[in-house]
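Overview (structure and organization)
Here's the letter readout for the chains.
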Amino acid sequence: MKFTYTYRSSDGERHTAEIEAESRDAAFAKVRSELGIKPIKVVAAGDNATDEGSGKSAASPRWGVVPVIALIVTIALIALVVWWWLSGRGATAPAQEPAAYTVNTPQGPVTLRVAEPLPRQMIPGNRQRIEDDRDNVFTNAAERLLARFAEPGRAVAAPKGEQPTEADFAACLREPIRVASSELTEHIDLKRIVSGMKREMRAYIAGGGTIDGYLAELEKRQKLEVSYRERAEQKLNAILNGQDARSPSGRDSLKAAYAYWLKANAQLQAMGIYPLALPDTLRSYQMSLDIEE
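Residues numbered from 1 in each chain as written. Predicted model: local features only at pLDDT ≥ 70, side-chain atom pairs only at ≥ 80, totals over all residues. Heavy atoms only, no water.

Regarding the pattern of salt bridges
Under the counting rule described, the total for this entry stands at 12 salt bridges. The shortest N-O distance in the salt bridge between glutamate 18 and lysine 2 comes to 3.9 Å. Taken together, the positions of glutamate 18 in strand β2 (residues 14-20) and lysine 2 in strand β1 (residues 2-8) put the pair 16 residues apart, joining distant regions of the chain. When its relative accessible area of 48% is taken as the criterion, glutamate 18 is described as partly exposed. The closest approach of N and O atoms between glutamate 225 and arginine 120, which form a salt bridge, is 3.0 Å. Separated by 105 residues along the polypeptide, glutamate 225 in helix α7 (residues 211-240) and arginine 120 in the loop between β5 (108-114) and α3 (127-133) bring together distant segments of the chain. Residue classification places glutamate 225 among the buried residues on the basis of a relative accessible area of 10%. One network of salt bridges, with partners in common, ties together Arg127, Glu131, Glu151 and Arg154. (Salt bridge = Lys/Arg side-chain N within 4 Å of Asp/Glu carboxyl O. Helix = DSSP H or I, 4+ residues; strand = E, 2+ residues; numbered from the N terminus. Buried < 20%, exposed > 50% of the residue type's maximum accessible area, 1.4 Å probe, protein only.)

Details of the packing of helix α5 (residues 166-174) against helix α6 (residues 185-206)
For the pair α5 and α6, the least separation of the axes is 10 Å and the interaxial angle reads 115°. One finds that α5 runs roughly perpendicular with respect to α6. In terms of crossing hand, the pair formed by α5 and α6 is left-handed. In this structure, α5 uses Phe169, Cys172 and Leu173 to contact α6, whose residues at the interface are Lys198, Met201, Arg202 and Ile205. (Axes fitted to C-alpha atoms, helices over the stretch in contact; angles between N-to-C directions. Parallel < 35°, antiparallel > 145°, perpendicular 65-115°, else oblique. Left-handed = near helix turned anticlockwise from the far one by under 90°. Contact = heavy atoms within 4.5 Å.)

Here it is in structure tokens:
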């Protein structure tokens, strides 16, 4: 196959000649190696559409640095806009209820705030007040049901009245719980714990769970916590009554029971379960220790 090559002589003049080769690359190499000439361009005979000094066609596009950078930036901007829109940021966000607002009551203006979530734990304060008002703190039936499980290890009877439906729970999860600074501390703590349970419930459902599944987990967890406390109480009584195989006698028995009471309560409190009451016999023993010290 014939190829035409162009070169410059030592005096700077252009010359054209032909050479036989299998391909243009082979022709280019042959001119350089056999003839010792550095060709300006090599083309098939009758074709002049090549760049000088290269084996690339003049028709092939040659991209500059600036156009390439501009193209990359454009693609990146388009991708960013698409991501922003698909993630929901491009849509108009619904108006959100303020975190705090003031309402007028017969007793005067009251500021309501969103209850900050609190993990399940024992609620300090007036025990009777907590038990008597538990069902009256919440207007939502679903929140009243969750309040049964607010304190680990404390079995609470189901609230009276109709049981909440899935629609009640769906509405409950959409609405935040609000507290007023004028409320009783026990009520505020109870609301904060239920608020934490609602957040836990949302995460459970988002992970593929159901409302019934979450309530079943609450029942299971509460029963297990109640059983921990009951077993601890039974063992303490066994030590005090000398019914435990390892129980010593006399004052050593009180010492062993007191040591177990301290250990059991530390474990129960670590789980958020309310502690064992101090029996009268151990109260006398504790007072004697304080006097001896």
